[in-house]
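# Overview (structure and organization)
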Amino acid sequence: MTSSPLPRILRRRGEPDYPTFLELFFDLVYIFMLSRLSAALAEDLTVRGAARTAVLLCAAWWVWVLTAWLTDLFNPRLPIIQATVLAVMFGTLLMAIAVPYAFADYGWLLVAAYFGIHLVRDAVLIPGTRVNRPIQARSIRVFFWFGVTAVPWVAGAFVHGTARLLLWSVAVVVDLGSARIGWPTPKLGRTELASQIFTGTHLSERHREIFIIALGELILSAGTGLGGSGFQAGRVAASAVAFASAVVLFQLYFHRVRQLLAPPAVAVVERVRPGTSTSYSHLVMVAGVLGVSTSVSLVIDRPFGVAPAAWIAVILGGPALFLLGSCLFDAVLTGRVLWSRALGAVLLGAIAPATALLPPLAILVVAHLVLLLTLVWETLPARSRLVRVTVPTG
């Protein structure tokens, strides 16, 4: 076994767990991806538009997650793994280019890039793990399930409108859901998620980095809007609120992370959670930041006047979605509900009817005041004792 290629392709235990520069470089393409998704949602701010954006976000997110898992299990310093990451990065760029036209004439480009990414990855991993049946079986299971979802993905590229949306919705649900149950495959069974090979430090850092990327896209929206505002007072004010919201979201996220990883005050609670759970909760948080970015671009363009119902939904819904995602993340790590954020999400929903009388800029201010109040409430001294949580799954 020691002379096999296995030690070369797998990440060796004891090696540094922190992401490599290549992984940070890979994340840069997601600034472009998220900006395209935000722009697409802003142009079609309807229930159908939101559903389309959600499908495309899930597809892009799943590519990111599998790449994070790839570099978590396999040695990211090997040239073959580095080349695979770069190929996935290029495929993600093509997916981002296709986003505005994915439900029009270029659905085939999105599907081709999406499956090209998975074919390249599995063409490397399946042969490279042939001497280790359990690891190879995991890669085969993933490949099998992408073969299953190829049917609705490809079929969706040949139809239009609601039919494409329904087929692709089924595809992304199966893509994400099959991982959660261990990719059950005929004759190979399923991957036992309770005994995953995830590296806690590495995946934790990767999730923090993608959240920072989402905040970077929000700042990009604020800066772009301000640059084209002609420095009109209302638009400048909206850009300032957007920047402040990025700061508050940053503090809300990392304040809680610091609490969870702080030295134990009373007891140590160890929980083993599958990496899929933390990935799903981060997906919800990133979706919330994407909603904030969309609302910022809308409000900067028109800070005054009557706010349409769809605008109110996205202005309040983005922060609420972030709070919901952070509640899910906290529940994964601690098994408890973070009530301050749950109540913040409820409050955002409760004030929605009253905000119909306010201009878009005022609604944006109110929404982010709720976030700020949540942060202030959580940072009050002696609110609660800190409990350390050791999470090997990120």
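Residues numbered from 1 in each chain as written. Predicted model: local features only at pLDDT ≥ 70, side-chain atom pairs only at ≥ 80, totals over all residues. Heavy atoms only, no water.

### Remarks on the nonpolar core
Counting 112 residues, the largest nonpolar core has Tyr 30, Trp 62, Phe 74, Met 95, Tyr 114 and Trp 153 as the members making the most contacts within it. The element that contributes the greatest number of residues to this core is helix 4 (residues 47-73), accounting for 16 residues. Residue contacts for Tyr 114: discarding those within four places in its chain leaves Ala 59, Trp 62, Val 63, Met 95, Phe 146, Trp 153 and Asp 175. (Core = buried A, V, L, I, M, F, W, Y, C linked by side-chain atoms within 4.5 Å. Buried < 20%, exposed > 50% of the residue type's maximum accessible area, 1.4 Å probe, protein only. Helix = DSSP H or I, 4+ residues; strand = E, 2+ residues; numbered from the N terminus. Contact = heavy atoms within 4.5 Å.)

### Re helix 5 (residues 79-98)
Between the first and last C-alpha of helix 5 there are 29 Å, a value that for 20 residues agrees with the 28 Å anticipated at 1.5 Å per step. For helix 5, the set of buried residues is Ile 81, Thr 84, Val 85, Val 88, Met 89, Gly 91, Thr 92, Met 95, Ala 96 and Ala 98. (Expected span 1.5 Å × (residues − 1).)

### Some details on helix 12 (residues 309-334)
For helix 12, with 26 residues, the first-to-last C-alpha span of 36 Å sits near the 38 Å given by 1.5 Å per residue. A bend of about 35° at Gly 317 is the largest found in helix 12, and the proline Pro 319 appears one to four places after it. Of the residues trailing helix 12, Gly 335 is marked for its positive phi of about 75°. (Bend = angle between axes of the 7 residues up to and from the residue.)

### Details of the confidence of the model for the protein chain
Averaged over all residues, the pLDDT of the protein chain equals 83, while 84% of them reach at least 70. In the model of the protein chain, strand 1 (residues 268-270) stands out as the element of lowest mean pLDDT, 33, in contrast to helix 5, which has the highest, 94. Low pLDDT, under 50, characterises residues 382-394; the stretch is placed with 47 contacts to residues that sit more than four places away or in other chains. (pLDDT = per-residue confidence, 0-100.)

### Some points on a nonpolar patch on the surface
The grouping of Val 365, Leu 369, Leu 372, Val 376, Trp 377 and Leu 380 at the surface amounts to a nonpolar patch, some 490 Å² of accessible area in total. Within the fold, Leu 380 resides in the loop between helix 14 (360-379) and strand 2 (388-390). (Patch = residues over 30% accessible without salt bridge, like charges linked within 9 Å, V, L, I, M, F, W, Y side chains within 5 Å. Areas by Shrake-Rupley, 256 points an atom, 1.4 Å probe, with all protein chains shown as cover. Salt bridge = Lys/Arg side-chain N within 4 Å of Asp/Glu carboxyl O.)

### Overview of the UniProt feature "transmembrane region" (unreviewed entry) in the protein chain
Within this numbering scheme, the UniProt entry marks residues 21-42, 54-71, 83-103, 140-159, 236-254, 280-300 and 306-325 as carrying the feature "transmembrane region" (unreviewed entry). Annotated as 100% helix and 0% strand, the span residues 54-71 places its first and last C-alpha atoms 26 Å apart. Note that residues 280-300 is 100% helix and 0% strand, and that its end C-alpha atoms are spaced 30 Å apart. (UniProt positions renumbered as here; feature names shortened; annotations may be inferred.)

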